[in-house]
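Observations on the three-dimensional arrangement
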Amino acid sequence: MQYNEIEFGNDENKITITLLEETMGKGLMGMLSSTIFKENIALIIDEEHDDEDYTFACLSCGKDGVAPRVLMTEELYNELKKQTPMGKTVVMHEIGHYYNSDVGHNEDNSEERRRNLVSQNMVCQKEIKADAFAVQYLGKDTVIAGLEALKERIIKEYADYDTESVQLSIRELEIRSNIILES
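All figures in this text were calculated on a predicted structure; none of them were measured in a lab.

So, the packing of helix α5 (residues 140-157) against helix α6 (residues 163-182)
- Between α5 and α6, the shortest axis-to-axis distance is 10 Å and the interhelical angle comes to 170 degrees. The pairing of α5 with α6 is recorded here as roughly antiparallel in orientation. Judged by residue contacts, K140, V143, I144, L147, L150, K151, I154 and I155 of α5 engage V166, S169, I170, L173, E174, R176, S177, I180 and L181 from α6.
- Considered class by class, the residues forming the contact of α5 with α6 number eleven nonpolar, two polar and four charged.

A short note on the packing of helix α2 (residues 85-99) against α5
- At a minimum axis separation of 7 Å, α2 and α5 run at an interaxial angle of 100 degrees. Compared by their axis directions, α2 and α5 come out roughly perpendicular. Along its contact with α2, which presents P85, M86, K88, T89 and V90, the element α5 presents T142, V143, A145, G146, L147, A149, L150 and R153.

With respect to the nonpolar core
- Counting residues in hydrophobic clusters, the biggest one holds 40 residues, and the most contacted among them are I17 and M92.
- Those residues in contact with M92, other than ones at most four positions away along the chain, are F8, I15, I17, A130, F133, A134, Y137 and L138.

Brief notes about the pattern of salt bridges
- This structure, assessed with the given rule, holds eleven salt bridges.
- Here E79 ties to R153 by a salt bridge, and the two come within 2.9 Å at their closest N and O atoms. In this pair, E79 sits in helix α1 (residues 74-81) while R153 sits in helix α5, placing the two residues 74 residues apart along the sequence.
- Classification of E79 by relative accessible area gives buried; the value is 12%.
- By relative accessible area, R153 is classed as buried at 17%.
- Taken together, the shared-partner salt bridges connect E75, E79, R153 and E157 into one network.

Regarding unusual backbone geometry
- At D11, a position not held by glycine, the phi torsion is positive, near 50 degrees.
- Among the structural elements, D11 can be located in the loop between β1 (3-8) and β2 (15-20).
- By relative accessible area, D11 is classed as exposed at 65%.
- Positive phi, close to 60 degrees, is recorded for S101, a residue that is not glycine.
- Structurally, S101 can be placed in the loop between α2 and α3 (111-119).

What counts as what
- Residues numbered from 1 in each chain as written.
- Predicted model: local features only at pLDDT ≥ 70, side-chain atom pairs only at ≥ 80, totals over all residues.
- Heavy atoms only, no water.
- Axes fitted to C-alpha atoms, helices over the stretch in contact; angles between N-to-C directions.
- Helix = DSSP H or I, 4+ residues; strand = E, 2+ residues; numbered from the N terminus.
- Parallel < 35°, antiparallel > 145°, perpendicular 65-115°, else oblique.
- Contact = heavy atoms within 4.5 Å.
- Nonpolar A, V, L, I, M, F, W, Y, C, P; charged D, E, K, R; others polar.
- Core = buried A, V, L, I, M, F, W, Y, C linked by side-chain atoms within 4.5 Å.
- Buried < 20%, exposed > 50% of the residue type's maximum accessible area, 1.4 Å probe, protein only.
- Salt bridge = Lys/Arg side-chain N within 4 Å of Asp/Glu carboxyl O.

Here is the structure:
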């Protein structure tokens, strides 16, 4: 089986992402491993998802937080293989949610709460902390470039989608980028 490895960090904080050339079944396309995690994290291509579940990627776990996995579109997986800022940023952000134990805490994602925070020029703390994790491994410039590329992708791919939801997502990404710049 052919694969490629990408490493981030070093020594006891090193994260290794193994990317497969072909699926091993059930969408398994890779694995993320590090001594900072209790277990390996599967990378799964999930083209059957509903856009209301997530847009490009999300963190998921089995019952009681076991068997963590990052579900993603094939398009995002290809971005990760190319090591684009967007691909690396989105995946490391999702891994940040795992590192910060955000699994199963989706109350911050309600549309009403998101709208309220954005109207105050804010985003929920778990998004800020997941971005901080990504910055730790990728650097500010890469994460900001990744968030900008994600914003452009949303504008392009969701041009015919609900305008209010698209604008909410774009504004959240802008706020997150500004928080990174100011940190």
